[in-house]
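Structural characterization, general
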Amino acid sequence: MKSSQNNRDRALHAALAIAGSQGIRALTHGRVDSTAGLPAGTTSNHFRTRAALLHATVDHLVKAEQSAFAADSAPRTVDDLIEAITQFIQDAAGAQRELTAARYAFFVEGFHDPHIKETLAQARQRIDVWAAQSLERLGVSRPFAAADRILTYVDGAILHALAFDGISYVQDLAVAVRSLIDGVEGASAQDPAH
């Protein structure tokens, strides 16, 4: 049983690596076996269909990313928040590039697969709540609106860094985050229903 779980975990790690380095189309049972160094047919024994393999892989992706949003990692100041966002973007486009690329590949796959879309939507909801709670502790009056704007910016910054092989925004990040928060706060002051 332990060996079976180990093989399953190895297959899922390999599947994420393939999705992140070669794309979803490259994600096949045989390629996963080969990448994971498993005997032929092992991945198929765990995930009978390609859809089952994709679903298990996106579930594994979400679990792999959850630790980045632990409750004890909440920033204490806006400067802490900016530092955390900067580090997250740098990691996503650098050391965690393959995992990040897999996430974006699954975003596109989610257009056509309800399980993938729902799994990613639930994961995003947890991130939204974490970010909003962090902003609320910083005194932001509309934390969910600010979190939505900041996370949209982060998604765009990461995608830009992946697509164009570089991070050139770091010096502007503090200005962008502060303006996103101020924009929400300003809208709140002008129109309380907003």
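Below, the structure is looked at part by part. (Residues numbered from 1 in each chain as written. Predicted model: local features only at pLDDT ≥ 70, side-chain atom pairs only at ≥ 80, totals over all residues. Heavy atoms only, no water.)

**A closer look at the packing of helix α4 (residues 50–66) against helix α7 (residues 114–137)**
This is how it is decided: In this description, a line fitted to the C-alpha atoms serves as the axis of each element, helices being fitted only across the stretch in contact, and the angle between N-to-C directions of two axes falls anywhere from 0 to 180 degrees. For the purposes of this entry, the term helix denotes a DSSP run of H or I that reaches at least four residues, the term strand denotes a run of E that reaches at least two, and both are numbered from the N terminus. Working definition: roughly parallel below 35 degrees, roughly antiparallel above 145 degrees, roughly perpendicular at 65 to 115 degrees, and oblique for all remaining angles. Contacts are assigned to residue pairs with any non-hydrogen atoms lying within 4.5 Å of each other. Each residue receives one of three labels: charged for Asp, Glu, Lys and Arg, nonpolar for Ala, Val, Leu, Ile, Met, Phe, Trp, Tyr, Cys and Pro, and polar for the others, Gly being one of them.
It is at 9 Å that the axes of α4 and α7 come closest, and there the two elements cross at 10 degrees. Put simply, α4 runs roughly parallel to α7. Contacts between α4 and α7 involve Leu54, His55, Val58, Asp59, Leu61, Val62 and Gln66 on the former and, on the latter, His115, Ile116, Thr119, Leu120, Ala123 and Arg126. In terms of residue class, the contact of α4 with α7 is built from 7 nonpolar, 4 polar and 2 charged.

**Here's the deal with helix α5 (residues 78–93)**
What counts, and what does not: For a helix, the expected span equals 1.5 Å multiplied by the number of residues minus one. Burial classes follow relative accessibility: with a 1.4 Å probe on protein chains only, a residue under 20% of its type's maximum area counts as buried, one over 50% as exposed, and anything between as partly exposed. Taken from the helix axis, the directions to the C-beta atoms give the arc we talk about.
Between the first and last C-alpha of α5 there are 22 Å, a value that for 16 residues agrees with the 22 Å anticipated at 1.5 Å per step. Residues Leu81, Ile82, Ile85, Thr86, Ile89, Ala92 and Ala93 constitute the buried set of α5. Buried positions in α5, seen along its axis, are confined to an arc of 135 degrees and lie on one side of it.

**Remarks on the pattern of salt bridges**
Keep this limit in mind: Each reported salt bridge corresponds to a side-chain nitrogen of Lys or Arg within 4 Å of a carboxyl oxygen of Asp or Glu.
Tallied over the entire structure, the rule returns 4 salt bridges. Close ionic contact of Glu65 with Arg103 constitutes a salt bridge, the shortest N to O distance being 2.7 Å. One end of the pair, Glu65, is in helix α4; the other, Arg103, is in helix α6 (residues 97–109), and 38 residues separate them in sequence. Accessibility expressed as a relative area gives 18% for Glu65, which makes it buried. For Arg103, a relative accessible area of 11% gives the class buried. For Asp155, the salt bridge goes to Arg124, with nearest N and O atoms at 2.7 Å.

**Quick word on the nonpolar core**
We apply this condition: In plain words, nonpolar cores are sets of buried Ala, Val, Leu, Ile, Met, Phe, Trp, Tyr and Cys residues tied together by side-chain atoms within 4.5 Å.
Core analysis: the biggest nonpolar cluster contains 27 residues, and Leu27, Val32, Leu61, Phe106 and Leu120 have the highest contact counts within it. Of all the secondary structure elements, the ones that give two or more residues to this core are α1 (2–22), α2 (29–36), α4, α6 and α7. Top element by residues in this core is α1. It accounts for 7 residues. In contact with Leu120, not counting residues within four places along its chain, are Val58, Leu61, Val62, Phe106 and Phe107. Residues Ile89, Ala132, Ile150 and Val177 belong to the second largest nonpolar core, which totals 25 residues.

**Structural notes on the packing of aromatic side chains**
The condition that has to hold: Put simply, two rings from Phe, Tyr or Trp (the six-membered ring, in Trp's case) pair if the centres are within 6.5 Å, and we call them stacked under 30 degrees between planes, edge-to-face over 60, tilted for the rest.
Within the structure shown, the criterion is met by 1 aromatic pair. Ring centres of Tyr104 and Phe107 lie 5.2 Å apart, and the angle between their planes is 80 degrees; this geometry places the pair in the edge-to-face category. Within this pair, Tyr104 and its partner Phe107 are both found in helix α6, separated by 3 residues, close to a single helical turn.

**Some remarks on the environment of Leu81**
Relative to the assigned elements, Leu81 resides in helix α5. In sequence terms Leu81 and Ala131 are 50 residues apart; their C-alpha atoms lie 9.5 Å from each other.

**Remarks on helix α8 (residues 143–163)**
Taking 1.5 Å as the rise per residue, α8 with 21 residues should run 30 Å; its terminal C-alpha atoms sit 30 Å apart, in good agreement. Of the positions making up α8, those classed as buried are Pro143, Ala146, Ala147, Ile150, Leu151, Val154, Ala157, Ile158, Ala161 and Leu162. Along the axis of α8, the buried residues cluster in a sector spanning 130 degrees; they form a single face. Downstream of α8 by a residue or two, Asp165 has a phi angle that is positive, lying close to 50 degrees.

**Notes on the environment of Val129**
Tracing the sequence through the fold places Val129 in helix α7. Sequence spacing of Val129 and Phe144 is 15 residues, and the spatial spacing of their C-alpha atoms is 7.5 Å.

**Description of the packing of α5 against α6**
Remark: α5 packs on α6, axes separated minimally by 6 Å, with the N-to-C direction vectors making an angle of 85 degrees. Judged by the inter-axis angle, α5 sits roughly perpendicular to α6. Residue-level inspection shows Phe88, Asp91, Ala92 and Ala93 of α5 in contact with α6, the latter providing Arg97, Thr100 and Arg103. Of the residues contributing to the contact of α5 with α6, the split by class is 3 nonpolar, 1 polar and 3 charged.

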